[in-house]
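Structural overview
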Amino acid sequence: MTGRYGSDQMTMALFVLGLALSVVGMLCRSFPVQLLSYLPLGYGLYRSFSRNIGRRRMENAKFLQLWDRVRRFFRPLYFRLRDWKTHRYFKCPTCRTLVRVPRGKGRICISCPKCRNGFIKKT
């Protein structure tokens, strides 16, 4: 591997995608999906053994920017699902900031941490 690029986040994501497509293809018994699973696996291997290190780093940087957008989109959903038994989430009517409050407190006055606006909601 001397002089080769090796593995990075994009390569690992390509391997996971290829394996996931392969499993889906086997479960659905779909030969085209199984064939499609070889594309990300092959490209991941190509990236790992590539000697063009500068270009692979640029590709990985672009992938990480895209992945960060995806993570930021799903992060609030993850927290809501994690806290659904103990907390409720409300949007401030003034600034639309998401505010987390504990469940089971009845009707309370919620103060927005960003704009200091108070609004009443039932938890």
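Below you will find a few notes about this structure. (Residues numbered from 1 in each chain as written. Predicted model: local features only at pLDDT ≥ 70, side-chain atom pairs only at ≥ 80, totals over all residues. Heavy atoms only, no water.)

Here we look at the overall build of the protein chain
Each helix and strand counted, the protein chain has 4 helices and 4 strands in total. For the protein chain, the succession of helices and strands along the chain, N to C, is α-α-α-α-β-β-β-β. Taken over C-alpha atoms, the radius of gyration comes to 23 Å for the protein chain, far larger than the 14 Å a tight globule of 123 residues would show. The 123 residues of the protein chain split such that 25% are buried. Summarising the internal contacts of the protein chain: among those between residues at least 6 apart in sequence, 39% fall at separations of at least 24. Approximately 9400 Å² of the protein chain is accessible, and the part contributed by carbon and sulfur atoms is 61%. Measuring between centres, the 26 positive side-chain charges of the protein chain sit 11 Å from its 4 negative side-chain charges. (Helix = DSSP H or I, 4+ residues; strand = E, 2+ residues; numbered from the N terminus. Rg over C-alpha atoms; globule rule 2.2 N^0.38 Å. Buried < 20%, exposed > 50% of the residue type's maximum accessible area, 1.4 Å probe, protein only. Contact = heavy atoms within 4.5 Å. Areas by Shrake-Rupley, 256 points an atom, 1.4 Å probe, with all protein chains shown as cover. Lys, Arg positive; Asp, Glu negative; His and termini not counted. Charge placed at Lys NZ, Arg CZ, Asp CG, Glu CD.)

Some points on the side chain of S37
By secondary structure assignment, the location of S37 is in the loop between helix 2 (31-36) and helix 3 (38-49). Residue S37 is classed as buried on the basis of its relative accessible area, which comes to 2%. Here S37 is in contact with G18, L21 and S22, once residues within four sequence places are set aside.

Some details on the pattern of salt bridges
Scanning the model with the defined rule gives 6 salt bridges in all. Taking the shortest distance from any N to any O, the salt bridge between D68 and R72 comes out at 3.2 Å. Note that D68 and R72 are positioned in helix 4 (residues 53-82) at a spacing of 4 residues, about one turn of the helix. Among the residues examined, D68 registers a relative accessible area of 30% and is labelled partly exposed. A relative accessible area of 54% places R72 in the exposed class. Via salt bridges that share partners, D8, R47, R56 and E59 belong to a single interconnected network. (Salt bridge = Lys/Arg side-chain N within 4 Å of Asp/Glu carboxyl O.)

Some remarks on the pairing of strand 2 (residues 98-102)
Here is the key point about a regular strand: its side chains alternate between the two faces of the sheet. Here strand 2 shows a clear split, with V99 and V101 buried on one side and none of L98, R100 and P102 buried on the other. Examined bridge by bridge, strand 1 (residues 87-91) and strand 2 share 5 bridges and lie antiparallel to one another. Residue pairing in the sheet places F90 in a bridge with V99 of strand 2. Where strand 1 folds back on strand 2, the antiparallel hairpin that results is connected by 6 residues, among which R96 adopts a positive phi of roughly 65°. (Pairing = 2+ DSSP bridges.)

Overview of the nonpolar core
Counting residues in each nonpolar core, the largest one holds 7 residues, listed as F90, C92, V99, V101, I110, C112 and F119. Those residues within four positions of V101 in sequence are excluded, and the remaining contacts are T86, H87, R88, F90, I108, I110 and T123. (Core = buried A, V, L, I, M, F, W, Y, C linked by side-chain atoms within 4.5 Å.)

Quick word on the packing of helix 1 (residues 9-28) against helix 4
Between helix 1 and helix 4, the least distance of the axes is 8 Å, while the angle of their chain directions is 70°. On the basis of the axis angle, helix 1 is roughly perpendicular to helix 4. Residue-level inspection shows Q9, M10 and A13 of helix 1 in contact with helix 4, the latter providing E59, N60, F63 and L64. (Axes fitted to C-alpha atoms, helices over the stretch in contact; angles between N-to-C directions. Parallel < 35°, antiparallel > 145°, perpendicular 65-115°, else oblique.)

Considering the environment of Y38
Along the polypeptide, Y38 turns up in helix 3. The class for Y38 is exposed, based on a relative accessible area of 55%. For the pair Y38 and C109, spaced 71 residues apart in sequence, the C-alpha separation works out to 56 Å.

That is the geometry; function is a separate question.
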